[in-house]
Amino acid sequence: MSGPLYVPVLPTRPHAAGACRRLWPDVRAAIRPLWNLPPLPGAPPETLATPVGRYVDPVSAVSRHGGWIDAPFGEDAQTAALAEALSAYCELGRLRPVTGPERTEAQETAAVETARRCLRGLGVRVRVTGEWDDHLGDDVRSLLARTGPEVPVDLLLDMGAVLDGRPDAGKEALRALDTLMPLAVWRSAALLGGGIGFRRS
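Q: For this particular structure, what's the right way to read the environment of Leu 34?
A: Positionally, Leu 34 belongs in strand β2 (residues 34-36). By relative accessible area, Leu 34 is classed as buried at 0%. Beyond its immediate chain neighbours, meaning those up to four positions away, Leu 34 contacts Val 7, Pro 8, Val 9, Leu 10, Trp 68, Asp 70, Val 98, Arg 125, Leu 156 and Leu 192.

Here it is, written out as structure tokens:
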């Protein structure tokens, strides 16, 4: 399994793009950011392309080595428009779409279709908020079955919602990895915690 050494979880904000731009070239080559689009509450779907472009253009420009783009706060009514706006950065840029087992079927379908078109792969973001739930493994298996083996997949195990005071968080991460790793030939697997992520080799 190959992949980045470091997966920072970053907002699509100017300060984050600027920080990436100032990294040494060899450091930038070793990271693949997971960019999070902020909430766009109440924004009509027909106008979403403008704010998406404002947020994503700068981060796409500093992601020459690749990364992922996610809209985890998107509203259900915005799903199709967000997918369409983000697909340009996957098809013409170096970013990969993201979905996860807790997303709506419409969002999962849109991300998978984008991944098939852009030929760069799909990020599967699995959020662990407390104790590992084995039902999540079943949901990931179903998502992967709909994705198909022809689409390269990256596992993004997101432990960011587990509270700092949880001494067993590492155990929960290992339980999750034990369940998820056999489900696919993952191109890469990253353990995300807050603003950081490390690849498991």
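Q: For this particular structure, what's the right way to read the pairing of strand β3 (residues 67-70)?
A: Every other side chain in a regular strand lies on the same face of the sheet, so the side chains alternate between the two faces. With burial as the criterion, each face of β3 is covered, one bearing Gly 67 and Ile 69 and the other bearing Trp 68 and Asp 70. Alignment of β2 against β3, held across three bridges, turns out to be parallel. Within β3, the position partnered with Leu 34 by the bridge is Trp 68. Taken together, the three bridges between β3 and strand β4 (residues 95-99) define a ladder with parallel strand orientation. Bridging from a neighbouring strand, Gly 67 pairs with Leu 95 of β4.

Q: I would appreciate a short explanation of the side chain of Gln 78 in the present structure.
A: Structurally, Gln 78 can be placed in the loop between β3 and α4 (79-91). At 3.1 Å, the side chain of Gln 78 forms a polar contact with the backbone oxygen of Ala 43. With near-sequence residues (within four places) excluded, Gln 78 lies in contact with Leu 40, Gly 42, Ala 43 and Leu 48.

Q: Before we go on, may I ask you to explain the nonpolar core in this structure?
A: As a rule of thumb, nonpolar side chains are buried together in soluble globular proteins. Core analysis: the largest hydrophobic core is formed by 25 residues, its most contacted members being Trp 35, Leu 37, Leu 40, Val 52, Val 56, Ile 69 and Leu 82. Contacts of Val 56, omitting those with residues within four sequence positions, involve Leu 37, Ile 69, Leu 86, Tyr 89 and Leu 95. Listed in part, the 24 residues of the second largest apolar core include Ala 111, Val 126, Trp 132 and Leu 177.

Q: I'm lost on empty space enclosed by the protein in this one. Help?
A: In this approach the atoms are scanned with a rolling probe the size of a water molecule, which exposes any empty space left behind. Using the criterion set out here, one finds two cavities of 30 Å³ or more in the structure. If you add up the space inside the largest cavity, you get close to 50 Å³. Together, Cys 20, Arg 28, Ile 31, Pro 33, Val 62, Ser 63, Arg 64, His 65 and Gly 66 line the largest cavity. Across the lining of the largest cavity, the residue classes tally to four nonpolar, three polar and two charged. In terms of lining, the second largest cavity is formed by Leu 37, Pro 38, Pro 39, Leu 40, Ala 71, Phe 73, Gly 74, Gln 78 and Leu 82. Classifying every residue of the lining of the second largest cavity by side-chain character gives seven nonpolar, two polar and no charged.

Q: Sorry if this is basic, but what is going on with the layout of surface pockets here?
A: Counted as a void, the largest pocket has a volume near 320 Å³. Along its surface, the largest pocket is lined by 23 residues, and Asp 70, Ala 71, Val 98, Arg 103 and Gln 107 are the ones closest to its centre. Contributing elements (two or more residues each) for the lining of the largest pocket: β3, α4, β4 and α5 (105-118). Looking at the lining of the largest pocket, the element that brings in the most residues is α4, giving six residues.

Thresholds applied
- Positions within a chain are numbered from 1, following the residues in the order the chain's sequence is written.
- This being a predicted model, a pLDDT of at least 70 is required before a residue's local features are given, and a value of 80 or more before pairs of side-chain atoms are given or counted; all residues contribute to the totals for chains, interfaces and linings.
- The side-chain numbers reported here are obtained from all heavy atoms of the structure, hydrogens and water having been left aside.
- What counts as a helix is a DSSP run of H or I of at least four residues, what counts as a strand is a run of E of at least two, and both are numbered from the N terminus.
- The buried label goes to any residue with under 20% of its type's maximum accessible area, the exposed label to any with over 50%, and the partly exposed label to all in between, with areas taken from a 1.4 Å probe on protein chains only.
- A contact between two residues is defined here by any heavy atoms of the two lying within 4.5 Å.
- Should DSSP find at least two bridges between two strands, the strands are taken to pair.
- Under the rule applied, a polar contact is a pair of N or O atoms within 3.5 Å (in protein, one hydrogen donor and one hydrogen acceptor; residues adjacent in sequence only if both atoms are side-chain atoms).
- Nonpolar cores were defined as sets of buried Ala, Val, Leu, Ile, Met, Phe, Trp, Tyr and Cys residues, with membership established by side-chain atoms within 4.5 Å.
- Using protein atoms alone on a 1 Å grid, points that fit a 1.4 Å probe yet trap it form a cavity, whereas open point sets bounded by protein on both sides within 12 Å along at least five of seven lines form a pocket; residues with an atom within 4 Å of a point count as lining.
- Grid points are joined across faces, edges and corners, and a volume is the space filled by probe spheres set on the points.
- Three classes are used: nonpolar for Ala, Val, Leu, Ile, Met, Phe, Trp, Tyr, Cys and Pro, charged for Asp, Glu, Lys and Arg, and polar for all others, with Gly counted as polar.

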